[in-house]
Amino acid sequence: MAQRRMFSNTITDSDLFMDMPKSAQLLYFHLNMHADDDGFVGNTKSIMRMTGSSDDDLKILLAKQYLIPFENGVTVIKDWHIHNYIRSDRKHPTKYTNELKQLELNEDASYSKLPFGSQVPTNGQPNDGHLVGNCHTEDRLGKDRLGKDSKGKYIEPDNPKPKKAKPVRHKYGQYQNVLLTDEQLAKLKSEFPKDWQDRIERVSGYVQSSGKHYKDYLATIRNWAKRDQQSNQSNKVAPQTREDWFG
């Protein structure tokens, strides 16, 4: 497990976070520090005893959805991937694979829990622990019974309203696992004209090594670019000598 952990001030500086008691904030920071490289914590109660946190502190974090709980007592940090980016060659996969199957990674890099019974990817095969994009199944029962569409207009039950065709996503990258529509590829080239291919390859290598998949690969590339920029700014060292200032 990596030893270094980071926190995004978009989460910890928010009013929602700052309004919590200091003891709940402290528990959140310690849970992040003790989480594995996928954000899972298997010893929440031990950490609570170590920090002197109360059950109310944990209830607050759960109520405000900073943590996602599982029946066996394991929790996962919802915004783990907003806080941390761990290189694939340094990352240790979580041992909580059954819990990982129950999650999906949203476009904003936060976790959400899949509804019961929907941990099945779109190819109909059992989920092998990868995070898959939008594998929820649509429940059309209510509309078919009522014979109405979403706007309340009556339709024939046997002749459902035709669905609008989705843009075709093409495969890119060394491992052919980065999916982009023609429009998304054009936007990527426009936003990163000098290194758009390198950015695709970076995501392709990470997806291949980690087993994760994303709903929107263009959004993922943009998020990574933003994190790189923030990391570069934070790593700048202030000049210490006259030579540093004037060269």
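My aim in this report is to walk through the structure given alongside it, one point at a time. (Residues numbered from 1 in each chain as written. Predicted model: local features only at pLDDT ≥ 70, side-chain atom pairs only at ≥ 80, totals over all residues. Heavy atoms only, no water.)

As for the packing of aromatic side chains
Consideration 1: Tallying each qualifying case throughout the model produces 13 aromatic pairs.
Consideration 2: Taking the centre distance of 5.7 Å and the plane angle of 70° together, the rings of F17 and F29 count as edge-to-face. Highlighted residues: F17 in helix α2 (residues 15–18) and F29 in helix α3 (residues 22–34), separated in sequence by twelve residues.
Consideration 3: For F29, a relative accessible area of 29% gives the class partly exposed.
Consideration 4: Taking the centre distance of 6.4 Å and the plane angle of 45° together, the rings of F40 and Y111 count as tilted. Of the two residues, F40 sits in strand β1 (residues 40–41) while Y111 sits in strand β5 (residues 111–113), which places them 71 residues apart along the sequence. Comparing F40 with Y111 shows no difference in burial state: the two are buried.
Consideration 5: One aromatic cluster is present, formed by F7, F17, Y28, F29 and Y66 through successive ring pairs. (Phe/Tyr/Trp six-rings, centres within 6.5 Å; stacked < 30°, edge-to-face > 60°. Helix = DSSP H or I, 4+ residues; strand = E, 2+ residues; numbered from the N terminus. Buried < 20%, exposed > 50% of the residue type's maximum accessible area, 1.4 Å probe, protein only.)

Describing the packing of α3 against helix α5 (residues 55–63)
Consideration 1: The contact between α3 and α5 brings their axes to 9 Å, and the two run at 75°. Classified by the interaxial angle, the pair formed by α3 and α5 is roughly perpendicular. The residues of α5 that touch α3, namely those facing S23, A24, L27, Y28 and L31, are D57, L58, I60 and L61. (Axes fitted to C-alpha atoms, helices over the stretch in contact; angles between N-to-C directions. Parallel < 35°, antiparallel > 145°, perpendicular 65-115°, else oblique. Contact = heavy atoms within 4.5 Å.)

Some details on helix α10 (residues 196–210)
Consideration 1: In this model α10 runs 21 Å from its N-terminal to its C-terminal C-alpha over 15 residues, within 8% of the 21 Å that 1.5 Å per residue would give.
Consideration 2: Taken together, the buried positions of α10 are W196, I200, V203, S204, Y206 and V207. Viewed along the axis of α10, the buried residues span an arc of 165°, placing them on a single side of the element. Those residues of α10 that are exposed and aimed more than 90 degrees away from the buried face are Q197 and D198. (Expected span 1.5 Å × (residues − 1). Arc of directions from axis to C-beta.)

Here we look at the pattern of salt bridges
Should their charged atoms come close, side chains of opposite charge can pair.
Consideration 1: Taken as a whole, this structure holds nine salt bridges when the rule is applied.
Consideration 2: Among the salt bridges present, the one from R5 reaches D37, with a minimum N-O distance of 3.0 Å. Separated by 32 residues along the polypeptide, R5 in the segment before α1 (9–12) and D37 in the loop between α3 and β1 bring together distant segments of the chain.
Consideration 3: Exposure remark for D37: the relative accessible area of 1% places this residue in the buried category.
Consideration 4: Of the charged contacts in the structure, one is a salt bridge between D55 and K45, with a shortest N-O distance of 3.6 Å. Linking D55 in helix α5 with K45 in helix α4 (residues 44–51), this pair joins segments that are ten residues apart in sequence.
Consideration 5: The structure contains a network of salt bridges with shared partners spanning D38, K91 and K212. (Salt bridge = Lys/Arg side-chain N within 4 Å of Asp/Glu carboxyl O.)

Section: the sheet that holds strand β3 (residues 75–77)
Consideration 1: Taking strand neighbours across the sheet as the criterion, the three strands line up as β1-β3-β2 in an open arrangement whose pairing is antiparallel. Whereas interior strands pair on both sides, the edge strands pair on one side only; in this sheet they are β1 and β2 (67–69).
Consideration 2: Bridging between β2 and β3 involves three bridges; their strand directions are antiparallel. The residue of β3 that forms the bridge with L67 is I77. (Pairing = 2+ DSSP bridges.)

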